[in-house]
Structures are given as C-alpha cells and as structure tokens.
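Observations on chain architecture
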Amino acid sequence: MKTTTGLSFEEFKTTVLNDFRIANESRQTSLLGRKEVLTGKAKFGIFGDGKEVAQIAMAKVFKAGDFRSGYYRDQTFMMAIGALTLEQYFAGLYGNPDINHDPMSAGRQMGGHFATPFIDEQGNFLDLVNRKNSSADISPTAGQMPRLLGLAYASYFFRINKDLQTKDFTHLSNKGNEVAFGTIGDASTSEGPFWETMNAAGVLQVPMLMSVWDDGHGISVPKKYQTTKESISDALAGFQRTKDKPGFEILLTKGWDYAHLCETYEKAIKVCREEHVPVLVHVEEVTQPQGHSTSGSHERYKDKARLQWETDFDCVKQMREWIIQNALATEVELNKIEEDAKAAVLAAKNAAWKAYLEPIKKEVTEVASLFTELEQSNKGSFITAIKNELLAIKEPIRKDIHVAVKKVLRSLTPNLSPKERGALDARHKLSDWLGLARIENDERYSSTLHSNTALHIAPTNAEYGTDQKQMDGREILRDNFDAILSKYPQTLIFGEDAGKIGGVNQGLEGLQKKYGEHRVFDTGIRECTIMGQAIGLAMRGLRPIAEIQYLDYLLYALQVMSDDLATVQWRTKGRQKAPVIIRTRGHRLEGVWHSGSPMGMIISACRGIHICVPRNMTKAAGFYNTLLEADEPALVIEPLNGYRLKENQPTNFGAFKTPLGIPETIQEGSDVTIVTYGSCIRVAQDAIRQLQEHNISVELIDVQTLLPFDINHHIVESLKKTNRVLFLDEDVPGGASAYLMQQVLEVQGGYQFLDAEPVTLAAKEHRPAYGTDGDYFSKPNADDVFDAVYNLMHEANPAQYPAIY
Ligand SMILES: Cc1ncc(C[n+]2csc(CCOP(=O)(O)OP(=O)(O)O)c2C)c(N)n1
C-alpha cells in the first residue's frame, strides 16, 4: 500500500520516526545546552527549541546545491540536513577553537551560529552543487537578509548566463536550479534590511524561500509593538503575486502542525525552484519553551495563559500526538526514541566537553612540570603556590594558564643571581613555552581575517604608446571595465544608474549594450542590499563589482560591510569567502552629501576589507585589475573630481595592476614629508608648487591603500631624510589622519626621526558646506597645506622663514 506521499507505509513510518528522532535530539540539545550555561561551562546559550518541527519540514525540500542564510534558531534544520552533529553543537557552545570539532566557526562565534565549508584550504571553491550549503550566520538580527538576496540572485545569474553553464562552473551551479532559503524571527522583520531584501527579491524574481518563525515576541517585546497588523504576512499581503503582476507567493502554516508544514514546504519549493518566484512562508504559532536565551526567563513577560498555550502547543508534543493518532507508532516506540535521544545528547555533550578540555589540560600538565623545575629557585614557595592553584582548577581555561605563567616569569627576573643559574634554564623553557603558545593562540583566535592573496599579485605598469594620447578619467575606467567584462565571464557590475546610462559619471558607458543587461545593470536605491547582493554572489563563486553611487551613501551599506563582509573569512576560520569589489566615488565635489570622506569611520568598521584610495582613474582601474586576480573583498574609492580630468591613455587595459599596501613617492623633497591620498594629492601638489617659491622642499607620498597600509614601511624612510611630517586628509580631525600618524610614528617607529612635532591637517568637524567657498572653508585647501608646512619650517628657522600673517 502506498501513502499519499508516494512512499510505502513502512517507508513513511520510518521517515516520520526519523523526523521525530531529530526533533527530540534537537530538543534535548536545547535543554541540556541551557544547563551547561547555567552551570558555567558555556558562556551564553540561544537555542532552537520550539522551532524543531518547522525546520524539519523545511529541511525535507532543501536539496544539495541549495543555500541557507538564517539565524541562531536553526540547529534542527542544520541537523536535519546532516550539516551539524550533536557533538559539534556542543563544541560550538563551549567555544572549542579547533575547527575539526566546531566546523561552524572554530569557537569564534557564540554557539548557535551555523555554516558549512564553501572553500578548501587553498581558497578554491568546493563542489557546492553536491553539498547542502549554509552561509555563515551573524548575530545582528536581519543581518542575514541582504546576503540572502545575493545567494538567490546568483541562481538567476547562473540560469541566464550561458557562459557560466560550462565545465569551469558546474561545481558552482546546476544552471541556477538552486534555492536560497532564508529564516528570521518574527520580531526581526521590523528591521529595515528585511523589507529592503523582500522588496528587491520581489522586483528581481529570484528563487528565495523565506521562512518567518513567528513566536510572537522579540525577546520580551510582543508583535503588537513590532509589526503592522501584528502579522508579517498581512503586512506583506501587497507582495502577493497576481495573474498579471509578479511578486511573492505567500503561504501560511503553523509551527506545531507537522503534516501541514510538510505540505506547505512542498508547495513552496515547487514555485520557488521551478518558477524562480520568491516565496514567503509565515510559520505562525511557534513557541519558545525556554524563553529567548540564557540571559533571562520568559515568565517575566509571558502571562500564564500564554505559557499554558505554549506547553499545549509545543511542536514536539503535538508531533507525538499526531503520530499516535495516525497509528504510525506506539507509545512504547516513541518512549524509546525519546530515551535514546536523551542518551545520545548526553553522550555527545560529554564527548564535546572532553574534546574541549583535554588539550587545555595537557597544557596545564606541561606548564606545571616547567613550574616544578623552577621550584628550586629562591621563589620556590611562591611558584609552588601558583602551581597548586593552577592544578586545583577542575575545568581550566587557557587564560588561567597564561595568568599563572606570567606571574611566575615576573617573579623571576631575567637577571637571576649566579646562585640561581640552574633556574635560568628552566625560566628559558617557560618563556619559550609562552612564546609558542602566543603563536598558537594567534592562530586559534586571530587568523584568516584576510586570505592575503591580494598582496601577492605582482604590480604591472600601465603602458603607453609612442603617440601619447590623453583621455578623460572616466574613459579610462570605461575601457578598463570593458576589458574586465570580456576577460572574466563571472563578473557583473551593478548599482544605481549603472546600467542603462552607464553610471552617473559614465564610467560604464555603453557596456550594458555590449555585454547585456545581466552583466551590467541598474538596481533600486538600496545600498544595504546592493552590498548583500554582492556578498551572496561572491560567496557562490561569482565576481560582483557592486557600485555605491557616492561615498556619502556607503553608510547605508556599512553595517553589512562591517558585520558580514569584513568578518566572513575570520568568522568561518577561512571556510568561506566573499571577494566583493565595491566601487564608489567620493572625497570632493561641491555639495554636502557629495563631498564626504569619512575614511576613519570606514577603516575602523571594515578591518577585513581592503580600502583603496586611488588618486586618479588609472590607479583605480589598476586596483580593479589586481583585485580580480585576488580573492579578497575591497572598496575602491574613485576621486569624484577626477572623471573629466585628462590622463594618459594606457594601451594595456585590463592588464595593468596597482599593488596594494605600496605607497608611491610622487615627488621627492628634503624639508617636510606630506603623507596623504585620494583627492588631497592634487591639493598637496598645488601647495608644494607655492612652497617651492619659498625654497621649501616637500616630499609627497601617496599611501594608495589605507588597508593594507605600507606593508614595506616605505614612509618612515622619508622621515629619516626630512625629519618633519604632515599627515593630510579630508576626514574629520582625528579621523583617518590619526590612523596615518599611528601607522607611521608607532608601527613604523617614525617618532625617532622627528625634529618637530608631527602635524595632522584634516577637514572641519562638520560636513562640507555647499559651493566652492563651502569647500574652501570646510576642507583642507592648498593654502592650509602651505601654512601647515611653512609653520613647521618657521619653527625650525624663524629667521629664514618669518611669520607671514
Ligand atoms: C540588530 C540587533 N538588535 C538587537 C539584537 C538583540 N536581539 C537578539 S535576538 C533579539 C530578538 C529577536 O526576536 P525574533 O526576531 O522574533 O527572533 P527569536 O529570537 O524570537 O526567534 C534581539 C532584540 C540583535 N542581536 N541585533
């Protein structure tokens, strides 16, 4: 006999009982996980209890090749797709820094943040088509949404771009048949990125299956304060597609209704995968049996009736009752599954704890034996006490060991008396141990912020023909993008006005016509999801160049850059990457929101992303060429006032490469060094011409990239010669100019070579006022630079350089 699912009764029963097992194992994980936090073994717990059955239903339609972009409640889904074992869950909860134990993030993320590997150790993409893929979670609520759009958009791109349906790309996509699954809590749908993503997905008609787990609260705050009409599907009803207007398919179901959930996801996936239509599944009546997280209890904000309802409509309990009602199993069979689940989770927890603790205990033993050797010194009794204290800790952490080692080393100064020569060797051993441990911990906690591929791309000069021609800066970019698009079929360039008109500054003129709307295209005004679109595309092996129209509007995308893009390699310990190239323009034009240069903010927020600040368009084009050979995310800021300026016309478009982390000395000089970048270069050059008339010789250095910064310490060499330095930029005072100063004086040791105080010259604290005068009085200009440099010379030699004003 066949059931309506097409399975035999026995097969159906096995499937259902297997689902029940997963639900129980996941539930027990949540219950035991909470205890582990409350007893202090783990620091924070946020679990997926109450969402088990819905996630099992979703997992049934998630195929190899698909992608998830979800949040911290999705443990059951991850278990159901076979991407998370019970032991791995606990490894994450304890923060085990060994990636073999916690493949989600090597202990870097709080537990409950999930990921699967996308790349191998050399950075090559794995066979994603034959894997079930989860992009790495982040904690900011709705932070998973912008990336989700890109993961879904990639399917669309692979489907329509026949150049990518060739053997070089078959490991990345099967003609775009992959669906991107999103999950979010009901309260987080209040966030802007949710709405922006939903709207963009509807416009773009991408295969995005969005599930909302609706448990009625965001921590303690009920839907009443979160969502119009207290229902996200009601609020989104206008997104529902109709016969003649594309949009979303919107489906409703309940978190405790196993059968209806399975049916709903069957329906949803058909529409999504086959028609490439985005679908919203609003899963209502979801519970949260243990409250939001280990940070507090839900009795504080849920009334008795709600708590009772949550007990009655607990999804695992309801599933159990459904199984009994449908005579799929007996009480005895189900009891056994429940008991087995408890035992399996307990065993997994114990194994995870042992795996976490053992390497640390081994370190304790090593250090204790080094301490023993030192007990002969005149600090013997002190060291014995420290040793005993360390050995007495039942569940030590690495911090305990390091604190003890440092205390002991401090007690024994390196200049031990002759009597204590014997202790000297032992002290050496201990300090060697510390040195090695530092390296290991650096690898454990701080590695893989970058892949560093960009630093290894050899520079290539722009070449020029004999009949040297000139062209506008924007034409240089255009011709270089032309070369890029023809060389790399996996590149696509998009942003506001980037398509039909070829960009507001015409750097993409004619390229949509030449390469098609799928390669060069317009987007809505939605910087946050332009960034997310790029992240998702890059994670799937494509090479997006995402355009943010002006630097001033990068702020809308900065959260995504900072939380998601900048951290992806680090938070997966190198298992995922998103080599997005962000193209924007800024620094100087005449208008408040067309003149910003908030570089300090950007470099502080975006460690993990390269920040390129070219002074002209040839340099900018060279950065794009370098970055496309590397595999790291980067922001390139084209100088906004340089599009119509003439530059020499290169003959090797697409091939010349500007190196990262290599400053360029533009002009040599002997009295003062000016360190600057971007549009300030020309301001400095103007001042330098005038300073020459006063016999002041300036060395001008263009740093070219703020991140990475002067990797070979080129700039300090200039300070050795001039002994005076001015750091110039057009950020706020103490912004990126302070960073330049810290890098050169502290990191490069430049302070040793100064004969005068180091000076910074930046813009005013407010935004630049409008017009040419606004610019003159808000931003550093050639007169300001002249004065700053002249003052340095005046201080050194007032007779030769008398005060002017
Ligand atoms: C941007 C941001 N704001 C606040 C928080 C703190 N926070 C974490 S979870 C949460 C509630 C989320 O509720 P909901 O989206 O309904 O998901 P649930 O946890 O209920 O499944 C809040 C406010 C956060 N992580 N990110």
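Please refer to the structure higher up on the page.
Now for a look at the structure at hand. Please read all numbers here as calculations on a predicted model, not as lab measurements.

**Details of the environment of Y94**
Considering the arrangement of structural elements, one finds Y94 in helix α4 (residues 86–94). Each C-alpha atom, one on Y94 and one on A42, is 4.9 Å from the other, the two residues being 52 residues apart in sequence.

**Some points on the side chain of S26**
Looking at the element boundaries, S26 is found in helix α1 (residues 9–38). Relative accessible area serves as the criterion here: at 0%, S26 is assigned to the buried category.

**Thoughts on unusual backbone geometry**
The omega angle of the peptide bond from L707 to P708 is -5°, so this bond is cis rather than trans. Mapped onto the secondary structure, P708 falls in the loop between β20 (705–707) and α23 (715–722). For A106, which is not glycine, the phi torsion reads 50° and is therefore positive. Within the element layout of this structure, A106 appears in the loop between α4 and β2 (133–134). For A106, a relative accessible area of 0% puts it in the buried group.

**Considering the site of the ligand**
In the vicinity of the ligand, 17 residues are found, and the nearest of them are Y71, Y72, R73, S188 and H217. Between the ligand and Q288, the relevant distance is 3.3 Å, taken from an oxygen atom to a side-chain nitrogen or oxygen of the residue. The protein chains hide 72% of the 580 Å² of surface that the ligand would expose on its own. Here the residues of the shell around the ligand sort into 5 nonpolar, 8 polar and 4 charged.

**Side note on the pattern of salt bridges**
Under the defined criterion, the tally for this structure stands at 51 salt bridges. In this structure, D564 and R571 form a salt bridge, with 2.8 Å as the shortest nitrogen-oxygen distance. Per residue, the accessibility class of D564 equals that of R571, and both read buried. By sharing partners, the salt bridges in this structure join R474, E475, R478, D479 and E509 into a single network.

**Let's talk about the pairing of strand β7 (residues 249–254)**
Note that β7 and strand β8 (residues 279–284) share 6 bridges and pair parallel. For K254, the partnering residue across the bridge sits in β8 and is E284. In terms of handedness, the path from β7 via helix α8 (residues 258–275) over to β8 forms a crossover that is right-handed.

**Considerations on the packing of helix α6 (residues 192–204) against helix α17 (residues 527–539)**
When two helices pack together, their arrangement is given by the angle between their axes and by how far apart the axes lie. Their axes nearest at 9 Å, the elements α6 and α17 cross at an angle of 65°. Taken together, α6 and α17 sit at an angle that is classed as roughly perpendicular. Crossing handedness for the pair α6 and α17: right-handed. Only E527, C528, T529 and Q533 of α17 make contact with α6, whose side of the interface consists of P193, E196, T197 and L204. When grouped by side-chain class, the residues that make up the contact of α6 with α17 number 3 nonpolar, 3 polar and 2 charged.

**Focus on the nonpolar core**
In terms of nonpolar packing, the biggest core is built from 89 residues, with L209, Y265, I323, F371 and V405 touching the most fellow members. Of the residues forming this core, the biggest block, 14 residues, is contributed by helix α11 (residues 331–374). When near neighbours in sequence (up to four residues on either side) are disregarded, V405 contacts V367, F371, L430, W433 and L434. Core analysis: the second largest hydrophobic core is formed by 87 residues, A152, V206, L554 and V725 among them.

**Thoughts on the packing of aromatic side chains**
Going through the model one piece at a time under the given rule, you end up with 26 aromatic pairs. Considering the side-chain rings of F62 and F181, the 4.8 Å spacing of their centres and the 65° angle between planes classify their relative orientation as edge-to-face. Note that F62 is positioned in the loop between α2 (52–60) and β1 (67–69) and F181 in strand β3 (residues 180–185), a separation of 119 residues in sequence. Here the two residues F62 and F181 agree in accessibility, since each one is buried. Where F67 meets F118, the ring centres are 5.5 Å apart and the plane angle is 90°; that geometry is what we call edge-to-face. You can see F67 sitting in strand β1 and its partner F118 sitting in the loop between α4 and β2, a full 51 residues away along the chain. We classify F67 as buried; its relative accessible area is 0%. Counting every residue linked through ring pairs, the aromatic cluster contains F47, Y89, F90, Y94, F114, W353 and Y356. Lying over the aromatic face of W353, K41 brings its terminal NZ or CZ to 5.0 Å of the ring centre.

**Examining the sheet that holds strand β11 (residues 520–522)**
As summarised here, the arrangement of the 7 strands in space is β11-β10-β12-β13-β15-β14-β20, forming an open sheet in which the pairing is mixed. Strand pairing shows two members of the sheet lacking a second neighbour, β11 and β20, which therefore form its edges. Neighbour to neighbour, the strand axes of the sheet diverge by 20° on average, direction disregarded. Of the pairings in the sheet, the one linking strand β10 (residues 491–495) to strand β12 (residues 543–547) comprises 5 bridges and is parallel in character. Looking at the pairing, T491 lines up with R543 of β12. Its contacts with the sheet put helix α21 (residues 617–629) on β10, β12, β13 (581–586), β14 (610–612), β15 (634–639) and β20, and the angle it makes with β15 is roughly 165°.

**Concerning the sheet that holds strand β18 (residues 672–676)**
Taking strand neighbours across the sheet as the criterion, the 5 strands line up as β17-β19-β18-β21-β22 in an open arrangement whose pairing is mixed. In this open sheet, the two strands that pair with only one neighbour each are β17 (664–667) and β22 (759–761). Each strand axis lies, on average, 25° off the axis of its neighbour in the sheet, ignoring direction. Where β18 meets strand β21 (residues 725–728), 3 bridges bridge the pair, whose relative direction is parallel. Looking at the pairing, I674 lines up with L726 of β21.

**What to know about a positive patch on the surface**
Residues K406, K407, R410 and R438 make up a contiguous surface patch of positive charge. Of the residues forming the positive patch, the biggest block, 3 residues, is contributed by helix α13 (residues 398–411). Inspection of the secondary structure puts K407 in helix α13.

**Details of helix α5 (residues 145–160)**
In this model α5 runs 23 Å from its N-terminal to its C-terminal C-alpha over 16 residues, within 8% of the 22 Å that 1.5 Å per residue would give. Extensive coverage of α5 is indicated by the burial of 13 of its 16 residues.

**Notes on a nonpolar patch on the surface**
The grouping of L555, Y556 and M601 at the surface amounts to a nonpolar patch, some 320 Å² of accessible area in total. Following the sequence through the fold, Y556 ends up in helix α18 (residues 555–564). Since its relative accessible area comes to 60%, Y556 is described here as exposed.

**Focus on the state of the cysteines**
Evaluated as defined, the whole model comprises 0 disulfides. As a non-bridged cysteine, C262 has C315 as the owner of its nearest cysteine sulfur, 12 Å distant. Looking at C528, it has no disulfide partner, and the nearest cysteine sulfur is the one in C606, 14 Å off. What makes C528 buried here is its relative accessible area of 6%.

Calculation notes
- Residues numbered from 1 in each chain as written.
- Predicted model: local features only at pLDDT ≥ 70, side-chain atom pairs only at ≥ 80, totals over all residues.
- Heavy atoms only, no water.
- Helix = DSSP H or I, 4+ residues; strand = E, 2+ residues; numbered from the N terminus.
- Buried < 20%, exposed > 50% of the residue type's maximum accessible area, 1.4 Å probe, protein only.
- Near = heavy atom within 4 Å.
- Polar contact = N/O pair within 3.5 Å; in protein donor to acceptor, adjacent residues only side chain to side chain.
- Areas by Shrake-Rupley, 256 points an atom, 1.4 Å probe, with all protein chains shown as cover.
- Nonpolar A, V, L, I, M, F, W, Y, C, P; charged D, E, K, R; others polar.
- Salt bridge = Lys/Arg side-chain N within 4 Å of Asp/Glu carboxyl O.
- Pairing = 2+ DSSP bridges.
- Right-handed = clockwise from strand over helix to strand, strands pointing away.
- Axes fitted to C-alpha atoms, helices over the stretch in contact; angles between N-to-C directions.
- Parallel < 35°, antiparallel > 145°, perpendicular 65-115°, else oblique.
- Left-handed = near helix turned anticlockwise from the far one by under 90°.
- Contact = heavy atoms within 4.5 Å.
- Core = buried A, V, L, I, M, F, W, Y, C linked by side-chain atoms within 4.5 Å.
- Phe/Tyr/Trp six-rings, centres within 6.5 Å; stacked < 30°, edge-to-face > 60°.
- Lys NZ or Arg CZ within 6 Å of the ring centre and 35° of its normal.
- Patch = residues over 30% accessible without salt bridge, like charges linked within 9 Å, V, L, I, M, F, W, Y side chains within 5 Å.
- Lys, Arg positive; Asp, Glu negative; His and termini not counted.
- Charge placed at Lys NZ, Arg CZ, Asp CG, Glu CD.
- Expected span 1.5 Å × (residues − 1).
- Disulfide = S-S within 2.5 Å.

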